[in-house]
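Architecture and fold: a report
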Amino acid sequence: MIYRKFQDLNLSALGMGAMRLPVVDGDDAKIDEAAAAAMVDYAMSHGVNYYDTAWGYHSGNSELVMGRALAKYPREQFYLATKFPGYDLSNMGKVKEIFERQLEKCGVSYFDFYLFHNVCEMNIDAYLDPKYGIYDYLIAQKKAGRIRHLGFSAHGSYEVMKRFLEAYGRDMEFCQIQLNYLDWSFQDAKAKVELLGQYGIPVWVMEPLRGGKLASLAEEDEKALKALRPEEEIPAWAFRFLQSIPGVVVTLSGMSTMEQMEANIRTFAEDKPLNEEEMSALLAIADKMVGRIALPCTACRYCVSHCPQGLDIPSLLALYNEHCFTGGGFIAPMALQAVPEDKRPSACIGCRSCEAVCPQQIRISEAMADFSKKLGAWPPADQNRQARPLRPGFCKKEDVRWNASNAESSTARAGTISTTGPPSRPRSGRTTSSRSSLTATGTTAGKGICGPRPGERTAASTLRPGTTRAAP
């Protein structure tokens, strides 16, 4: 097992995440306790010493099961982490009650690591509100020795993380973020890592395999990686990527089977960071994966000034891309809870003024309609919306209307492997000037809904009189 130094501790580079433990009959609330305990035993015997659980995992049963599984071992032989469940705003006034109950559930007198859970757009105001006393209480528990190390996890945007750090960064010892080679650009993870570096805060990784999406790849992509490292299994590439990122201390993997546990422990038996060629190949694969689904918004923001509803269209499209790629999930709905109703996708009236100035010829009105439907907000309350037939599943590649002028491949990359991590993607297809939500994807492969509709002129020919288009 590889170990990373954290202050005066040696932490296993692989941590066992307890969000996806084996379950009985597919019921997430019914953990297969015998199987979970066997996995803990195997992990302990192979050098894993970091275990991460949370109040809400497996309907509240994860802390109980992990506490019982670890109880047979001397307390000094493992490090246990859990979190305050601020993802549920009704918990904000219950920090003492919840913390005490967590100690009972886990059967311990202190937590080695404790986190503000899921700092995001939806809860940042409450987390920073002194009336709830969350920060003060947790700091007091740290002083009392019942929390050894205090940190936070974040699914929110760069701006949300920055705001939290500006308030509490001086007391944060570590931060857990969603980090993998796909989200290096797609969720702006590179910028988040750099932000944490400015505060001297080490990185804990969640979702290294993107919920399993990186455990297997398209056949052509697997062949390309096998040509570079014939002996490396495909899931291991995601972990080798993380071994290449300076500042990463613990990588958490939510393993559901003993086979996954065994494979991951084999991977973490040695440190094998990627070289420049391997890194470029992996990031090119990430480009293609996102490009098969995501709309190619570059956050140029020409659309924003033409929207009569004042919608932040680039941010909404970024969330839409995330929602389509993940196949649902909680990130987009969670972020939109912090957006006023009259600025959400359902507020789009379908006037298509934005489409007239979009350099990528994205059918924005259709994307907003589909986003609303996916979120369960369809049809919109506004009956003035111009009804038009919507092509089903248009965020899938087979339904894409290709725009040949924008279908060039994005393969050139700048930079080399250094202490700052992997090279950034080419800036020509993406901008980070706007981060009000997830940064817009900039892949130039599969384009989503792009190009003129049948019988229509192109966007360039439908500009309003007196307007000109800047270069994309």
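Residues numbered from 1 in each chain as written. Predicted model: local features only at pLDDT ≥ 70, side-chain atom pairs only at ≥ 80, totals over all residues. Heavy atoms only, no water.

1. Quick word on the nonpolar core
- Membership of the largest hydrophobic core comes to 94 residues, with the highest contact counts inside it found for Tyr51, Phe116, Phe152, Leu179 and Phe241.
- A per-element tally of this core places helix α12 (residues 276-291) first, with seven residues.
- For Phe116, the residues in contact, after removing those within four places along its chain, are Phe84, Tyr127, Ile134, Tyr135, Leu138, Leu150, Gly151, Phe152, Ser153, Phe164, Tyr168 and Met172.
- Cys303, Leu316, Ala347 and Met368 belong to the second largest nonpolar core, which has 23 residues in total. (Core = buried A, V, L, I, M, F, W, Y, C linked by side-chain atoms within 4.5 Å. Buried < 20%, exposed > 50% of the residue type's maximum accessible area, 1.4 Å probe, protein only. Helix = DSSP H or I, 4+ residues; strand = E, 2+ residues; numbered from the N terminus. Contact = heavy atoms within 4.5 Å.)

2. Observations regarding the pairing of strand β1 (residues 3-6)
- Residues of β1 alternate between two faces, with Arg4 and Phe6 buried on one and Tyr3 and Lys5 left unburied on the opposite face.
- In terms of strand pairing, β1 meets strand β2 (residues 9-12) through four bridges, oriented antiparallel. Bridge pairing in β2 links Arg4 to Leu11.
- Between the end of β1 and the start of β2, which pair antiparallel, lie two residues, with Gln7 showing a positive phi angle near 55°. (Pairing = 2+ DSSP bridges.)

3. Some remarks on helix α6 (residues 158-168)
- Here α6 has its buried residues at Tyr158, Val160, Met161, Phe164, Leu165 and Tyr168. One side of α6 holds all its buried residues, which, seen down the axis, span an arc of 165°.
- Elements in contact with the buried residues of α6: β8 (111-119), α4 (124-128), α5 (134-143), β9 (147-154), β10 (174-178) and α8 (189-198). (Arc of directions from axis to C-beta.)

4. With respect to the pattern of salt bridges
- Taken as a whole and assessed by the stated rule, the structure comprises 27 salt bridges.
- Put simply, Asp171 and Arg170 hold a salt bridge, and the shortest N to O gap is 3.6 Å.
- Arg170 gets classed as exposed once you look at its relative accessible area, which sits at 63%.
- Arg229 is paired through a salt bridge with Glu232; the nearest N and O atoms lie 2.9 Å apart.
- Exposure remark for Arg229: the relative accessible area of 7% places this residue in the buried category. (Salt bridge = Lys/Arg side-chain N within 4 Å of Asp/Glu carboxyl O.)

5. Considerations on the sheet that holds strand β7 (residues 79-84)
- An order of β3-β6-β7-β8-β9-β10-β11-β12 is seen for the eight strands of this closed barrel, with the pairing classed as parallel. In this sheet, adjacent strand axes meet at a mean angle of 30° when their direction is disregarded.
- Relative to strand β11 (residues 203-206), β10 runs parallel, the two being bridged by four bridges. By the bridge assignment for β11, Ile177 is matched with Val205.
- Where α6 meets the sheet, it contacts β8, β9 and β10, and its direction lies at approximately 130° from that of β8.
- Along the sheet face, α8 touches β9, β10 and β11 and points at about 175° away from the line of β10. (Axes fitted to C-alpha atoms, helices over the stretch in contact; angles between N-to-C directions.)

6. Observations concerning the packing of aromatic side chains
- By the definition in use, this model includes 23 aromatic pairs.
- Seen in terms of ring centroids, Tyr79 and Phe113 are 6.4 Å apart; in terms of plane orientation they differ by 80°. Their pairing is edge-to-face. Of this pair, Tyr79 sits in strand β7 while Phe113 sits in strand β8, and the two are 34 residues apart along the sequence.
- Centre to centre, the rings of Phe99 and Tyr114 are 5.2 Å apart; their planes meet at 75°, and the pair counts as edge-to-face. (Phe/Tyr/Trp six-rings, centres within 6.5 Å; stacked < 30°, edge-to-face > 60°.)

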